[in-house]
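Structural overview
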Amino acid sequence: MSPVKVTKICCIGAGYVGGPTCAVVALKCPHITVTIVDLNQSRIDAWNSPDFKLPIYEPGLEDVVRQTRGRNLFFSTDVDKGIEEADLIFVSVNTPTKKSGIGAGFAADLNYVELATRRIADVAKSSKIVVEKSTVPCRTADAMRTILDANSKPNCRFDILSNPEFLAEGTAINDLLKPDRVLIGSLQTPQGIDACNSLASIYANWVPKDRILTVGLWSSELSKLAANAMLAQRISSVNALSAICEATGANIDEVAHAIGFDSRIGPKFLKASVGFGGSCFQKDILNLVYLSESCHLPEVAAYWRQVVEMNDYQKRRFSTRVVDTLFKTITGKRIAVLGFAFKADTGDTRESAAITLIRDFQQEKALINIYDPQVPHEQIWADLAEASPDIPLAATQKQVTICASAIEACKNAEAVVIATEWKEFCDIDWESVYAHMKKPAFIFDGRIIVDADRLRKIGFKVTVIGRAEAL
Ligand SMILES: NC(=O)C1=CN([C@@H]2O[C@H](COP(=O)(O)OP(=O)(O)OC[C@H]3O[C@@H](n4cnc5c(N)ncnc54)[C@H](O)[C@@H]3O)[C@@H](O)[C@H]2O)C=CC1
Ligand SMILES: O=C(O)[C@H]1O[C@H](OP(=O)(O)OP(=O)(O)OC[C@H]2O[C@@H](n3ccc(=O)[nH]c3=O)[C@H](O)[C@@H]2O)[C@H](O)[C@@H](O)[C@@H]1O
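Residues numbered from 1 in each chain as written. Chains lettered and ligands numbered in written order. Predicted model: local features only at pLDDT ≥ 70, side-chain atom pairs only at ≥ 80, totals over all residues. Heavy atoms only, no water.

Under an unreviewed UniProt entry, the name given to the chain is Nucleotide sugar dehydrogenase, and the organism recorded is Pluteus cervinus.

The structure is reproduced here in structure tokens:
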């Protein structure tokens, strides 16, 4: 046996991970044919759209797809053909938190992974390397192997690898082109190591060898959950400190700067905010909590659960501060919410803090104007409906207006809430905003991006996360 030379890759799942990841593989490996398949026809149509109106917004992605699509990168709904032809298959399907049944609210819903695995088992007529790209609980590869082995045909062997993805949305292309590391987990058998080498040799086309880490399968799976938990823990820690700053007069940016200078702590990921969002931090920590409980480690579970609870507290604290500052009532008051995506440079709204804030403002009977440069209006309505299932959409649409610009959103508002750190919010013509707002005009900066002193000179009353009210 020696490592298989991969010439055809199939990726199951054309989402935020499968799409960008395999587009970059195609870019860097012109000798490999990459086919990304998905059951969602409209998503595949968007990936194939003649004017490159791709289903996800990600800086630099369109350029990569323009260079590769039709050359060695293909998008298709023909999942079976993709599987049949490939030597190596990435499973990059969604693994959301389970909504019902055992582990509801914590455990990962592995139904999509299982369905994709069963499809591979049913369709494959030759040996395949099957790569877990989705974020999954520790030992999922074992379940995949059992399903594949139980259903494989003669002369058909499956090697399972774990290759979690560490890209962040908004910087995905850069993260993929220059990853801090690529992690590959395999069984430590000769076959497992051969499969690992096959995948490593694909990445070696553009990633320095010393950044390709090879470990055991279970370590690889757990490392992904651990990385997200540690990143989220930093944000919850800095957000917890932001509450102390507000109470004491310290400034969270100064504190973060000071502690980040310690090379053991480092400066990144210390930005206090209205709370972390995104499809993965909360889901993966809850997954870790569930894993800890399943291993009869309640203290460990409670430790990680606190990271999510602190995040919920931060969001709640922020909306309470808005209500308190606006003289303890926002009923009938117009509030402009700038930003709806969970972070800048993405159109993704999954678990966005903005959704929680707006739900809180709706419950306080405020009128809300929303502006986001990337999120489609239908997505905003869908998210608001999901967040407040008891409020009919027609009632929400009376209370909420989606605006075409930040300036329009702020018109006649009593308060502006900055929920996402879009760069364009730093460059707003605040004098003009002030002229068209009700007075006193309030700004609540949930991302610490505005120059509070300058805005106060214009006349605004400014409240910033992690800073006491100005006297
Ligand atoms: N979004 C992110 O930034 C990151 C996500 N991850 C992980 O990657 C995985 C995928 O995440 P996203 O790409 O964000 O999800 P997504 O929801 O954007 O994409 C998943 C796609 O898989 C498709 N799919 C599901 N079952 C299928 C099947 N049996 N056959 C064909 N297609 C199928 C869905 O239609 C969907 O388009 C998750 O496990 C997530 O935790 C990891 C790192 C970063
Ligand atoms: O598994 C995943 O899905 C990915 O999750 C995160 O990536 P992502 O959620 O796309 O974006 P981040 O930049 O990590 O931001 C997450 C949230 O934390 C917030 N954040 C981030 C950094 C910070 O200092 N402060 C802060 O509030 C962001 O605004 C955002 O709401 C991780 O950074 C990726 O490594 C990981 O692959």
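Read on, since the account is not over.
Here we come to the site of ligand 1. Ligand 1 sits among 25 residues. The nearest are Val17, Asp38, Arg43, Thr95 and Lys283. Contact distances for ligand 1 include 2.9 Å between a nitrogen atom and a side-chain N or O atom of Glu169. Contact distances for ligand 1 include 2.6 Å between an oxygen atom and a side-chain N or O atom of Lys283. When ligand 1 sits alone it has 830 Å² of accessible area, and the protein chains cover 91% of it. Class assignment for the residues of the shell around ligand 1 results in nine nonpolar, nine polar and seven charged. (Near = heavy atom within 4 Å. Polar contact = N/O pair within 3.5 Å; in protein donor to acceptor, adjacent residues only side chain to side chain. Areas by Shrake-Rupley, 256 points an atom, 1.4 Å probe, with all protein chains shown as cover. Nonpolar A, V, L, I, M, F, W, Y, C, P; charged D, E, K, R; others polar.)

Moving on, we get to the site of ligand 2. Surveying the vicinity of ligand 2 reveals 20 residues, the closest of which are Phe166, Leu167, Ser273, Cys280 and Arg447. Between ligand 2 and Lys224 there is a distance of 2.8 Å, counted from an oxygen atom to a side-chain nitrogen or oxygen. At a separation of 2.8 Å, an oxygen atom of ligand 2 approaches a polar side-chain atom of Asn228. Summarising the interface, the protein chains cover 89% of the accessible area of ligand 2, which totals 700 Å² for the free molecule. Its residues placed into classes, the shell around ligand 2 shows eleven nonpolar, three polar and six charged.

Below, the discussion takes up unusual backbone geometry. Of note, the amide linkage connecting Lys439 to Pro440 takes the cis form, showing an omega dihedral of -5 degrees. Summarising the element assignment, Pro440 is placed in the loop between helix 17 (430–435) and strand 13 (442–445). Even without a glycine there, the phi angle at Asp345 is positive, about 65 degrees. Position of Asp345 among the secondary structure elements: in the loop between strand 9 (334–338) and helix 13 (353–363). Judged by its relative accessible area of 34%, Asp345 is partly exposed. (Helix = DSSP H or I, 4+ residues; strand = E, 2+ residues; numbered from the N terminus. Buried < 20%, exposed > 50% of the residue type's maximum accessible area, 1.4 Å probe, protein only.)

Here we come to the pairing of strand 2 (residues 33–37). For strand 2, the buried fraction is high: four of the five residues fall into the buried class. Sheet topology places strand 1 (residues 8–12) next to strand 2; five bridges connect them, and they run parallel. Bridging across to strand 2, Cys10 finds its partner in Thr35. A crossover connection joins strand 1 to the parallel strand 2 through helix 1 (residues 18–28); in handedness this β-α-β unit is right-handed. Looking at chain direction, strand 2 and strand 3 (residues 73–76) are connected through four bridges and run parallel. (Pairing = 2+ DSSP bridges. Right-handed = clockwise from strand over helix to strand, strands pointing away.)

With that settled, the discussion passes to the state of the cysteines. Evaluated as defined, the whole model comprises zero disulfides. Here Cys10 stays free of any disulfide, with the sulfur of Cys11 as its closest cysteine sulfur at 7.0 Å. In this structure Cys10 comes out as buried when scored by relative accessible area, which is 0%. Cys138 supplies the cysteine sulfur nearest to Cys295, a cysteine that is in no disulfide, at a spacing of 8.0 Å. (Disulfide = S-S within 2.5 Å.)

Glancing now at the pattern of salt bridges. Tallied over the full model, the rule gives 25 salt bridges. The salt bridge involving Glu169 is made with Arg350; its shortest N-O contact spans 3.6 Å. You can see Glu169 sitting in the loop between strand 6 (158–162) and helix 7 (172–177) and its partner Arg350 sitting in the loop between strand 9 and helix 13, a full 181 residues away along the chain. What makes Glu169 buried here is its relative accessible area of 10%. Connected via shared salt-bridge partners are Asp80, Arg119 and Asp122. (Salt bridge = Lys/Arg side-chain N within 4 Å of Asp/Glu carboxyl O.)

Now for the side chain of Lys224. As for its position among the elements, Lys224 is in helix 9 (residues 217–248). Among buried Asp, Glu, Lys and Arg side chains, Lys224 stands out as unpaired, with Asp284 the closest opposite charge at 5.2 Å. When residues no more than four places from it in sequence are discounted, the contact partners of Lys224 are Thr135, Pro164, Glu165, Phe166 and Asp284. (Lys, Arg positive; Asp, Glu negative; His and termini not counted. Contact = heavy atoms within 4.5 Å.)

Below, the discussion takes up the packing of aromatic side chains. One pass over the full model with this rule turns up ten aromatic pairs. When the centroid spacing of 6.3 Å and the interplanar angle of 65 degrees are considered together, the rings of Phe269 and Phe281 count as edge-to-face. Of this pair, Phe269 sits in the loop between helix 10 (252–260) and helix 11 (281–294) while Phe281 sits in helix 11, and the two are twelve residues apart along the sequence. Since its relative accessible area comes to 39%, Phe269 is described here as partly exposed. Among the residues examined, Phe281 registers a relative accessible area of 14% and is labelled buried. Aromatic pair Phe276 and Phe281: ring centres 5.6 Å apart, planes at 85 degrees, arrangement edge-to-face. Take Phe276 and Phe281: they sit in the same class, and that class is buried. Grouping aromatic residues by their ring pairs yields a cluster made of Phe269, Phe276 and Phe281. Lying across the ring of Trp218, Arg139 places its NZ or CZ 4.1 Å from the centre. Stacked on the ring of Tyr434, the Lys or Arg Lys439 has its end atom at 4.7 Å from the ring centre. (Phe/Tyr/Trp six-rings, centres within 6.5 Å; stacked < 30°, edge-to-face > 60°. Lys NZ or Arg CZ within 6 Å of the ring centre and 35° of its normal.)

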